[in-house]
Amino acid sequence: MIKMDAVLVGFGTVGQGVAEAIQMKDQLFVDRFGEGIRIVAAFDSNTYAASKKGLNPTELVRTKVGKGNIGKKRPETIPEMLSRLDYDVLVEMTPTNIVDAKPGIDHIKAALNAGRDVVTSNKGPLALKFREISKLAAKNKCNLRFEASVGGATPVINLASELLRCERISSIRGIMNGTCNYILSRMESEGLPWEPALREAQQLGYAETDPSYDIDGIDTACKVAILANAIMGNDVTVHDVERTGIRGVNLEAVTLAAQDKKVIRLIGEITEKGVEVAPRLIPRGHPLSISGTLNTFHIQTDLAGEIIVAGRGAGRHETASAVMSDLWVIMRTKEPNSHSS
Amino acid sequence: MRVNVDLRLKDVPGQLIGALEPVSRNDGNIVGVVHSHDKVSAGRIGVNLTFEVSSEMNLDKIMNEWTARGVDILKIDHLFETFHLEYVIVGTVSANEMKRITDGIQALGGVESLNVRYSVSSSDEKTALISGKVRSKDVIKKANHFMRERSKRSGFLMIRGFGD
């Protein structure tokens, strides 16, 4: 029987999705490991709930939705409270901050320093302090997993870093931001100018009120930095990524590209030459000419050649799917005679 | 790759079309045809043909079809692979700046062709597609570097192709 006591930090859309997925997939874990995942504490930005016997995930979500919080006001910082909790894995899902990676970086370091495994969807610590936290995880013999940080439900990190271990990967190119892809696709298919296409994306909830994080390529640059570090063995931060967003791509540009049988897509690229985010002219029919909000990754390897993987890049249950797969892998590493490394 | 061939055809109607058909049937793209009606020798006339073809295999198929049709192949030369160079630029780009851009790309060498197509716009902002063919990926690399520098200096948005 494998025990997995989890602390969830961050209880917004992703946190609630993970709580729901833990409930939904409980039997699957019980069947394989003898026990399901038990949530022993959960934190949102101001409040927390904790129980050594385990919290009811459905109740947690219901309380958060109904009251706007998940329990009592937090008397101390989350790292201070983590130091007094007994748990196996921290699931860190606070919002990405690419200025100083806080508060996520503090939560992750607190868990790793205490010898706990970490699963995170938070791009900030990975895009700014990847080497620091991966070294800390290795030093303390902890798992640090972050599939949910890139591509949502699309399993690109685990695919490339585990299943393609014998390959020499020479490049990864991808559509890593569904918002930008939606805007560019709508400009192309409906002849919408930039502003209406952006407004439509905002109305559908794909783009934030301040869309600069997506359309200026910052989100894609974070993902490029994470993939470069995790898969290509680089040592880069988001600030090392050469970045051009899609602000300024007008309908005339989309139309001229279409006359040449091309589409414009925001492409994140990791090659031996460097790391870059830029709008590119993609031939129609190429896997990266895909329309809509899907994320797509094109991996070039020496033995297997081209590998393409696509999936939903964001969303409550899509991101939870990636977190659950990381939790599953961690539980497998706890099994006797595990060969997971 | 781009291929230039000298052919000899029977000087009877329909022979030229018969010589061009194998090219288009094998995904070739005819770039130019020079038909020398004035140079008739032993009942045959000379045709110089330039075309692009995607692979050696398709070129072999074209040549086999010519041989089967009784077309004489006198000379094949200037075989080289071409690569597509493409940029869309968006911004207030003056005519002088556009000339600097096209002259700058031409000056890199190895540029087979270069075309500029503008989008009609009522504003000062211009959108243009610069496309061309070059002889090596190294030329694309140099052109990318040149375009990046110009886009930074002149403040236009540059969207480059995927051929590098």
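Residues numbered from 1 in each chain as written. Chains lettered and ligands numbered in written order. Predicted model: local features only at pLDDT ≥ 70, side-chain atom pairs only at ≥ 80, totals over all residues. Heavy atoms only, no water.

### Overview of the overall build of chain A
Secondary structure summary: chain A contains 13 helices and 13 strands in total. Here chain A has a C-alpha radius of gyration of 20 Å; the compact-globule value for 341 residues is 20 Å, and the two agree. When the 341 residues of chain A are sorted by exposure, 55% land in the buried category. Within chain A, contacts between residues at least 6 apart in sequence are counted, and of these 69% link residues at least 24 apart. By element, 49% of the accessible surface of chain A is carried by carbon and sulfur atoms, the whole surface being about 14600 Å². Side-chain charges in chain A split into 41 positive and 41 negative, and the spacing between the mean points of these groups amounts to 4 Å. (Helix = DSSP H or I, 4+ residues; strand = E, 2+ residues; numbered from the N terminus. Rg over C-alpha atoms; globule rule 2.2 N^0.38 Å. Buried < 20%, exposed > 50% of the residue type's maximum accessible area, 1.4 Å probe, protein only. Contact = heavy atoms within 4.5 Å. Areas by Shrake-Rupley, 256 points an atom, 1.4 Å probe, with all protein chains shown as cover. Lys, Arg positive; Asp, Glu negative; His and termini not counted. Charge placed at Lys NZ, Arg CZ, Asp CG, Glu CD.)

### Concerning the layout of surface pockets
All names here are of chain A. Counted as a void, the largest pocket has a volume near 1100 Å³. As for the largest pocket, its lining consists of 39 residues, of which Val14, Lys123, Glu208, Ala314 and Gly315 are closest to the centre. Residues belonging to the lining of the largest pocket are distributed by class as follows: 11 nonpolar, 20 polar and 8 charged. Both domains that furnish three or more residues to the lining of the largest pocket are identified here as domain 1 (4-152 + 317-334) and domain 2 (160-312). A volume near 540 Å³ is recorded for the second largest pocket. (1 Å grid on protein atoms, 1.4 Å probe; cavity = no way out; pocket = protein on both sides within 12 Å on 5 of 7 lines; lining within 4 Å. Points joined across faces, edges and corners; volume = space filled by probe spheres on them. Nonpolar A, V, L, I, M, F, W, Y, C, P; charged D, E, K, R; others polar. Domains from an automatic or database assignment.)

### What to know about the domain arrangement of chain A
Residues and elements named next belong to chain A. Looking at the assigned domains, one finds that chain A contains domain 1 (4-152 + 317-334) and domain 2 (160-312). Just the C-alpha atoms count here: the centres of domain 1 and domain 2 sit 28 Å apart. Each partner contributes residues to the interface: domain 1 has 15 residues there, and domain 2 has 21 residues. Summed over both sides, the interface between domain 1 and domain 2 buries roughly 1500 Å², with carbon and sulfur atoms accounting for 66% of that surface. The largest share of the area that domain 1 buries against domain 2 comes from Ile98, Arg131 and Val150, three residues that together contribute 34% of it. At the boundary of domain 1 with domain 2, the tally comes to 4 salt bridges. Two residues, Glu318 and Arg312, come together in a salt bridge whose shortest N-O distance is 3.1 Å. At the boundary of domain 1 and domain 2, one finds 6 residue pairs in polar contact (both at pLDDT 80 or more). Each residue belonging to the side of domain 1 that touches domain 2 can be placed in one class, and the counts come to 7 nonpolar, 4 polar and 4 charged. (Buried area = accessible area lost by both parts, 1.4 Å probe. Salt bridge = Lys/Arg side-chain N within 4 Å of Asp/Glu carboxyl O. Polar contact = N/O pair within 3.5 Å; in protein donor to acceptor, adjacent residues only side chain to side chain.)

### Some thoughts on the packing of helix H3 (residues 95-106) of chain B against helix H4 (residues 137-154) of chain B
Residues and elements named next belong to chain B. Direction vectors running N to C along H3 and H4 enclose 160°, while the axes themselves pass 10 Å from each other. For the element pair H3 / H4, the angle class is roughly antiparallel. For the crossing formed where H3 meets H4, the hand is right-handed. Residues Glu97, Arg100, Ile101, Gly104 and Ile105 of H3 form the contact with H4, whose participating residues are Phe146, Met147, Arg150 and Ser154. Split into classes, the residues belonging to the contact of H3 with H4 amount to 4 nonpolar, 2 polar and 3 charged. (Axes fitted to C-alpha atoms, helices over the stretch in contact; angles between N-to-C directions. Parallel < 35°, antiparallel > 145°, perpendicular 65-115°, else oblique. Left-handed = near helix turned anticlockwise from the far one by under 90°.)

### As for the nonpolar core
If you look at the biggest cluster of nonpolar residues, it comprises 82 residues, and the most contacted ones within it are Val7(A), Phe43(A) and Leu227(A). By size, the runner-up hydrophobic cluster in this structure holds 31 residues, among which are Phe11(A), Ile37(A), Leu60(A) and Met93(A). (Core = buried A, V, L, I, M, F, W, Y, C linked by side-chain atoms within 4.5 Å.)

### Considerations on unusual backbone geometry
All names here are of chain A. Between Lys102 and Pro103 the backbone carries a cis peptide bond, its omega angle lying at 0°. Here Pro103 shows up in the loop between strand S5 (89-92) and helix H5 (104-113). The backbone phi angle of Lys141 is positive, close to 55°, even though this residue is not glycine. As for its position among the elements, Lys141 is in the loop between helix H6 (123-139) and strand S7 (144-145). One non-glycine residue, Lys261, lies in positive phi territory at about 60°. Residue position: Lys261 is located in the loop between helix H12 (251-259) and strand S10 (262-271).

### Quick notes on the interface of chain A and chain B
In many reports, interface size means the accessible area that the parts give up when they come together. The interface is formed by 26 residues belonging to chain A together with 19 residues belonging to chain B. In total, about 1900 Å² of surface goes out of reach between chain A and chain B, with carbon and sulfur atoms giving 57% of it. Connecting chain A to chain B are 5 salt bridges. Arg148(B) is the salt-bridge partner of Glu242(A), the closest N and O atoms lying 3.1 Å from each other. Inspection of the region where chain A meets chain B yields 8 residue pairs in polar contact (both at pLDDT 80 or more). Broken down by secondary-structure element, the contributors of at least two residues to the side of chain A that touches chain B are H12, S10 and strand S11 (274-283) of chain A. No other element matches S11(A), which puts 6 residues into the side of chain A that touches chain B. Looking at the side of chain A that touches chain B residue by residue, the class counts come to 10 nonpolar, 6 polar and 10 charged.

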